[in-house]
Amino acid sequence: AYNALGESMSSINLNVAAKGSLDLSSQRPEGLDKIKQLEARGHTKAEEDVATFQKPVFTSALQNVVKSENESAHLAARLIPIGDPSLKVEWFKDGKLLETGSRIRTSHEFGIVTLDIESVRSSDVGIYTCKAVNMNGEATTTTSIKVKEGAPASVDGAAEVGPPKFVTQVASNIQISEGQSAHFEARLTPTEDPNLKVEWYKDGQLLQTGHRFRTFHDFGIVILDILYCYAEDSGTYECRATNKLGSDTTKGSVTCSEKSGLILTPQVPGEMKEQTLERIQHLESHKMKVSADGQSVSQSAPRFTSPISNISDLKEGENAHFEGRLLPTDDPNMSVEWFWNGKALKAGSRIRTFCDFGFVILEISPVYPEDAGEYTCRAKNALGEAVTTATLSCSGKRNIILDSQLPSGMEGAMERIAQLEGLGRARGQQENEEDLNQPPEFLSPLGDLTLSEGSLAHFETRIIPINDPSMKIEWYMNGKQLSTGSRIKTISDFGFVILEVANVMTRDAGNYTCKASNRHGETSVSCQVQVKGKQGIDTNPQLPKSFQNGTESIHNLEEKMWKREDISYEEMESKAPVFVTKPHDITCYEGQPAHFDCRIEPIGDGSMRVEWYHDGKPIQIGSRIHTINDFGFVVLDIDWTFKRDSGVYKCVATNKCGSAEISVNLNCRSKKDIIVDSQLPEGMSMDRLKELEARKREARTEEETPISKPKFLTQIKPRMVGEGEPAHFECRIEPKNDPKLTIKWFHNNKEVDFGHRFRLTHEFGYVALDILYTYPEDEGEYVCKAINELGEDITKAELKCKEMPAIQLENQVPKGMKNSEYIVQMEAAMKKYSQEMFLTEDDVYDSERRQPPRFVTQIQSVTTLEEMHATKFECQLAPVGDPNMKVEWFFNGKPLSFKTRFTPIYDFGYVAMNFGWVYPEDSGEYVCRATNLYGTDETRAIIKCSGKTGIIYESQLPKGMMSIEKIREMETGWQRAPELIEQETEKFKPCFVTKPEPVTTAEGGRARFCCRVTGYPKPRVMWLINGHTVINGSRHKLIYDGMWHLDIPKCQERDHGKIEVIARNQCGEAYATTSLSVKRRKDDYRSVLKHNVKPFCDEEEAKKKLESTVNRQQMYTEERKEKISSQVTQLHQQQRHEEVHQQSSTTIQESTSQEAKEWQEMARREKHYTEVAESSAFNMQNMTAPSFAHSLEPVTVEEGQSATFSVQFTGSPPPAVKWFRYSFPVADSADFRIVTTDTSSSLTITKTCADDSGVFTCLLENIVGASKSSSNLNVMEAGANYVVQTSTKTKRTLKEMHVVAGDSIRFDIGFSGGTKDNLTFYHDTKEIKEGEGITIKVENDVASLMIERATPEHSGLYECVMKTEGGEASCQVKCQVTAE
């Protein structure tokens, strides 16, 4: 991509793997020979009929264009001939070939050539030439484009272009842990400057985007996302925006903390610590001694002294632990591998392995049902290997937790709670004699259904008793239980039992049974379903009668296979395996292939298992050894053999009824590498030869050949081979006698891995590379590099591999049979659709005739339809049987999307579109377009549909008013078909015809917003949620189908708020807004079951409260200070789990019972609100979520005074009110007085102390929604300064702090309405940055500054400043660090 300021590029590699997995060999050679004989009889040669076209001629020339800068230019001309496949059209600018792209586009369709240039620039001025060339000649037409000087014509509504400016800045500092993601976002103006260039830099260097670094720039928004950061990604990131008028930048930094990769602390229990460390030291000293002596040879083969054990009955989310013992324990050459179901198991975040000190351990945490299977541990060294195997079974969790979440020892609490809430009594009153001892009974039977493929199957019945909790409903199809899914849905509620199967298929036909059972009995009801399949493929012979006998021999050859399929499943199950044919012994030479095949019965047995053994050991299947077991054929192929492959091969077949085996021998003879026999000529003795060689040896010792730098005497040559063929490269090199000379081969700059396909030869100065059989991925540059101590040399060549077709796409029917076959098919199709046949034998497809599409009959207009009537378009299309034919339907110029109402048909020349029922909006023009490789044809028709008579069309206006005539004139204009010739549309800015509506949904529910936008050119639409740009992904779906949709499949609480949509084109923009209300679910018990604090079962808290009631008159009790301190500590350390002690006393039990009664009273009050709402005559429209009429205000008091927080609110029904200090609930007591009415609530602290300072929150909840308000309480000592300015700035000065040198300094400040990015700490007006010994945290609306090992230099004034768009707040603390 390039513009006037520069260019940028991106690249990607495409690797195409060959389809080598298809077996193209014949499985029935005798049948293939017979087919060839039959095809040879009917094979006739046809003369090629090649269509000829005239030389190109431009019937209309290009016109000169004069445009202003940034306008669009359009060049068009007409060209003949039309439909010439060899015709080539090229565009030139000033004699040079014109490069097209996103701004410059060309087209050539239906004899019209066009060139479109968007946003014309001064560089586009010049002479433009269009050149058309075919086999018979060429033609050209020339024109010019000029650009007006001066300012470009302004467009109404377009923004003026100026220098770039960042309206908002990116985050100044992002602190994350390794593996998390970083997000920078800023807004930039101008938004419509085509010359604007945006670049990202890291630490001053240009940032290259990739799979982890993703950038976005549109609608004036620039975004940088860094996925799963590493420590090296830390640094300063800068965004630079540049255009012709200037530039601007914004910066931000990323700090990524690295995770510790090593565990340095001992992981053994304390009692084993000393013995384990001694054992480790002994083993390590032994290993060091062995390594020092150089003895790395294994002493014995591996052996498992304790195998791994099976693990069963695990539940999803638990941990799986396999452990075994292995000898020897100190073998450095031993390798241990783990396998799952025969596949290598890779270690990861959930899967960890350990092998040391003779222990082998595999841990999976947590486990999922898909982890179930067979796990194998294999230990291997040079002397052998050992294997141990175990199985793992894991059951999945249910979506709804039905088990009690109460702690152990409180199993009877649920019954007690039910009694307190009155549920037990109500349940006893509901049960009557009619519900007891009553088995299930269906009130209505299921009706039989006959459906067409793709429709909806709906089963419905009613059952009694209705409110039986032990009732169980199950559905079966042909005796097998049905599982619900995306197509199959079941409902059982209020006595209705429903089953729906969407998009039924032919396999869904059968007997459906609904079974109902309870503790008193069971019953069932059944029905039959028939599904009529759409005739996609006709499997009956389509040959004429004269050719019918030609296939009898083929049927005879396949008769055995057909009879074998007729064997019943019961007969097949009761038959043990039997080898029908046996393989033969093979004797071959090393490097040749070996092939064993045999046949086995029964053929279709799904429980049949076939295994091959070599000398009693299982054969390892790989790239050299392949097996096949299909249709009763059992094959073993060895692509090339070695001497070690010799031996006895045994094939074992096993099923439920027994087993069978058969053996065969393979004798592989090795080739002689050295010829031992004498090759001397006659008359020459061995003694004479030795004498001659001795002289040469003496001469060689006298003059040693010097070692020189490597040099290739000959070069390797380029090769071009077909897929599967061998490739050979060879060359010669000097010196020949250098023992330190090394040869390396490289493929596309990567060193070649020599293996089963790549063979290397290097002997006596001869270097060769052999590729036994090539694949397309072997293409590329091959480099041979020779290296010794004096230097190196290279030689290179190209290898090209032609890929072979994997699938034969050509028609295999003999030419003599083709026409008659399609005539029969056409007659059958027309008879099926009750059509008179207008197609002839000449309309049958013939690839040599190059036939363009032709509609033999046209579709007819229908103008007398009424709403909900059915209609149909039908016609006949030639050529019949063209595999490249494409049929498309269009409605008013746009593609027609097929629905349940619209069903297209294309069957052997018959083309139709069925309309199940029509609406008035279906009125308009319909076009059927047929396209193949040689041309296009169209047929058109119009549908006019009037609305139902249920609408009153007579005028209701008084006499004398003629407005109704104007309305009718407008309505008839809407239903009129659009003009066939499209008129030029005037440009105008976007406008919302339909704006998005507010949506209210429950948490986890679906929300969809849609809007309709007009504008020309077509505007671009952007959605925002609470000011954040929406990007299409798994959480948000952006869809356009004529209307713009924002779909949120599963709403979360953070989606609650403002929804904005912006539509923009070059003429201007439009804006609309709405809201999304996400209500908390009533059935969400997560906060109650596990994470909610339960004081009635916390004995330690009960004991503390009992002691505090005795000393409640004292303000500064040790118990109260300790309790507040522990709460703050828990807040910073995020420790929400509390221990439950087993010891209890009679006094504590009484206090616990009192606490339980308070909680039960609160639960009963909330339950009352719910019951009132559910039993109320008002619906949800009359209910409102709680909202604050008067929110909390900050309170500052001196120590010992009282402090009061008050709120006023609205809501229907009246909401429940809860008070919190930080995240801890505040209950009504002598120290904390809470007074609540239907519209107000107040919290009063009777006597404050310094430790009461913090953040207090009031939470309002009812069944419609919830609302929250928070504020600060600041308790100061007498004489402390507190300054409040009557503007958006707030400043606080707290008491002085004294710290001893060496201790830590910690400041905790509560706040609301800001984030860590808005927070800054200062020490004596100097900004404090995080570093060694200094930590800044923000958790739960509390900002913390921690300074470790304080020194006197840390004394001074500390200030915390929070700056947001709404204002600024600061807090100051004086700190004095004194020496010890």
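The model shown is predicted, which means the values in this text are computed figures rather than measured ones. (Residues numbered from 1 in each chain as written. Predicted model: local features only at pLDDT ≥ 70, side-chain atom pairs only at ≥ 80, totals over all residues. Heavy atoms only, no water.)

A. Quick look at the sheet that holds strand E34 (residues 480-481). Here five strands make up an open sheet; going across it, the order is E31-E38-E37-E33-E34 and the pairing mixed. Edge positions in the sheet fall to strand E31 (449-452) and E34, since each of these pairs with one other strand and no more. Across nine bridges, strand E37 (residues 510-518) lies against strand E38 (residues 521-532) in antiparallel orientation. Across the sheet, residue Gly 510 finds its bridge partner in E38, namely Val 529. (Pairing = 2+ DSSP bridges. Helix = DSSP H or I, 4+ residues; strand = E, 2+ residues; numbered from the N terminus.)

B. Looking closely at the side chain of Asp 907. By the secondary structure assignment, Asp 907 is in strand E62 (residues 902-907). Looking at Asp 907, the relative accessible area reads 13%, which means it is buried. In this view, Asp 907 contacts Ala 829, Lys 832 and Tyr 833; residues no more than four positions away in its chain are not counted. (Buried < 20%, exposed > 50% of the residue type's maximum accessible area, 1.4 Å probe, protein only. Contact = heavy atoms within 4.5 Å.)

C. View of the packing of aromatic side chains. Considering all chains together, one arrives at 18 aromatic pairs under this definition. Centre to centre, the rings of Phe 915 and Tyr 926 are 5.4 Å apart; their planes meet at 80°, and the pair counts as edge-to-face. Taken together, the positions of Phe 915 in strand E63 (residues 910-915) and Tyr 926 in strand E64 (residues 924-932) put the pair 11 residues apart, joining distant regions of the chain. Take Phe 915 and Tyr 926: they sit in the same class, and that class is buried. For Arg 325, the ring lying beneath its charged end belongs to Phe 359, and the centroid distance is 4.4 Å. (Phe/Tyr/Trp six-rings, centres within 6.5 Å; stacked < 30°, edge-to-face > 60°. Lys NZ or Arg CZ within 6 Å of the ring centre and 35° of its normal.)

D. A look at the sheet that holds strand E46 (residues 647-655). Spatially, five strands are ordered E40-E47-E46-E42-E43 in an open sheet, and the strand pairing comes out mixed. Edge strands, defined here as strands with exactly one partner in the open sheet, are strand E40 (586-589) and strand E43 (617-618). As defined by bridge partners, strand E42 (residues 609-614) adjoins E43 across two bridges and the pair is classed as antiparallel. Each bridged residue has a counterpart across the sheet, and for Tyr 613 the counterpart in E43 is Pro 618.

E. The pairing of strand E56 (residues 791-802), seen in detail. Both strand E49 (residues 719-722) and E56 contribute to a ladder of four bridges, which runs parallel. Following the sheet pairing, Met 720 is matched in E56 by Lys 800. As judged from the nine bridges shared by strand E55 (residues 780-788) and E56, these two strands associate in the antiparallel manner. Along E56, the bridge assignment pairs Ile 787 with Glu 792. Here E55 folds back onto E56, and the loop between the two strands holds two residues.

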